[in-house]
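For reference, the chains in residue letters:
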Amino acid sequence: MAKATFFYFLFIGYVWPIDSVMFNLAPNTQKCLKEDIQANQLVMGEYEVSDVPGQIIDYVARDTKGHILSQKEHITKGKFSFMSEVYDAYEICFISKVPPHQRGIPQEVSLVTKKGVETKSYEGIGEASKLKPLEVDLKRLEDLSDSIVRDFILMRKREEEMRDTNEKTNSRVLFFSIFSMCCLLGLATWQVLYLRRYFKAKKLIE
């Protein structure tokens, strides 16, 4: 029983990831982190920046069309959240600004992000519904399973769209190849007839 419980919680820890990253941001540069997110998903994040006197770091979250979803200047430590409107690649950028008269040094930036079911507070749900810890974990796994199923459905839809695009492209390439062959055959026939008439006119052939 204890072994089964161990593997159960090991499975929970494996399928319940939280994206966390830490990097150094060079002076007067920017670094962007990009990820594909489904439509109508809540994205939450928490950031922390090492403090360097005179240096400023801003952050901005936006989609591929340039729409700003979240933004803040002069950040040190805080949280942010936004809702994805459509399936798209969203990016979070950290921008370093150092005055010209100051010699800048790299700053350490840490970022933790959650999205979808990861943003739910299951502890609060358990307390409100008076659920046992094991029931809360089962509820978490149920929501995560639904999220995985939706991801697979989306992946299957994209795969079908890509397959349709490939089939249409192959058909167009085939028709273009046939058209090109017909043009080449027509041009070759015209050249043979033209040369034959030319040689007959010059009485080089009968």
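Only a predicted model underlies this, so the values are computations on that prediction, with no experimental measurement involved.

Enquirer: So what exactly am I meant to see when it comes to the UniProt feature "transmembrane region" in the protein here?
Expert: Taking the UniProt record as the reference, the feature "transmembrane region" is found at residues 173-193. Split by type, residues 173-193 is 100% helix and 0% strand. Its first and last C-alpha atoms lie 30 Å apart.

Enquirer: Teacher, can you tell me more about the sheet that holds strand β6 (residues 77-83) here?
Expert: The strands making up a sheet associate through backbone hydrogen bonding, with each pair oriented either parallel or antiparallel. Sheet architecture is open: four strands sit in the order β1-β8-β3-β6, paired in antiparallel fashion. A strand with exactly one partner marks an edge of an open sheet, and here the two such strands are β1 (19-25) and β6. Within this sheet the neighbouring strands show an average axis-to-axis angle of 20°, counted without direction.

Enquirer: Looking at this model, I keep getting lost on the side chain of Asp88. Mind explaining?
Expert: Position of Asp88 among the secondary structure elements: in strand β7 (residues 88-97). At 2.7 Å, the side chain of Asp88 and the side chain of Thr64 are in polar contact. Excluding residues within four positions of it along the chain, Asp88 makes contact with Glu35, Asp36, Ile37, Asp63 and Thr64.

Enquirer: What is the right way to look at the sheet that holds strand β5 (residues 68-72) in this model?
Expert: Across the sheet, four strands lie side by side as β2-β7-β4-β5; this open sheet has antiparallel pairing. The sheet terminates laterally at β2 (30-37) and β5, the two strands that pair on one side only. Along the sheet, successive strands turn relative to each other by an average axial angle of 15°, direction set aside. Sheet topology note: the strand β4 (residues 56-62)/β7 ladder contains seven bridges and is antiparallel. Following the sheet pairing, Asp58 is matched in β7 by Ile95.

Enquirer: So what exactly am I meant to see when it comes to the environment of Glu73 here?
Expert: Take Glu73: it is sitting in the loop between β5 and β6. Owing to a relative accessible area of 53%, Glu73 belongs among the exposed residues under this scheme. When neighbours within four sequence positions are excluded, Glu73 is seen to be in contact with Ile57 and Asp58.

Enquirer: Would you take a moment to explain the confidence of the model for the protein for this structure?
Expert: Low pLDDT marks stretches whose predicted atomic positions should not be read closely. Across the protein, pLDDT averages 82, with 83% of residues at or above 70. Least confident of the elements in the protein is helix α1 (residues 2-15), whose mean pLDDT is 39; most confident is β4, at 92.

Enquirer: Whenever I open this one, the environment of Val52 confuses me. Can you help?
Expert: With respect to the helices and strands, the residue Val52 is situated in the loop between β3 (42-49) and β4. Look at Val52 and you get buried, because its relative accessible area is 11%. For the pair Val52 and Gly104, spaced 52 residues apart in the sequence, the C-alpha separation amounts to 8.8 Å. Excluding residues within four positions of it along the chain, Val52 makes contact with Ile105 and Gln107.

Each value, and the rule that gives it
- Sequence order as written defines residue numbering, which begins from 1 separately in each chain.
- Under the rules for a predicted model, residues below a pLDDT of 70 receive no local features and side-chain atom pairs below 80 are neither given nor counted, while totals for whole chains, interfaces and linings still include all residues.
- Side-chain descriptors were evaluated using all non-hydrogen atoms of the structure, hydrogens and water having been removed beforehand.
- UniProt positions are given in the numbering used here, feature names are shortened, and annotations may be inferred rather than shown by experiment.
- Strands here mean DSSP runs of E at least two residues long; helices mean DSSP runs of H or I at least four residues long; both are numbered from the N terminus.
- When DSSP finds two or more bridges between a pair of strands, those strands are recorded as paired.
- Think of each axis as a best-fit line through the C-alpha atoms, taken over the contacting stretch in the case of a helix, with angles from 0 to 180 degrees between the N-to-C directions.
- Any pair of N or O atoms that falls within 3.5 Å is considered a polar contact. Within protein, one atom must be able to donate a hydrogen and the other to accept it, and sequence-neighbouring residues count only if both atoms are side-chain atoms.
- Throughout, a contact is declared for two residues whenever any of their heavy atoms are within 4.5 Å.
- Buried means the residue's accessible area, taken with a 1.4 Å probe over protein chains only, is under 20% of the maximum for its type, while exposed means over 50%, and partly exposed covers the values in between.
- One confidence number per residue, pLDDT, is output by the predictor and ranges from 0 to 100.

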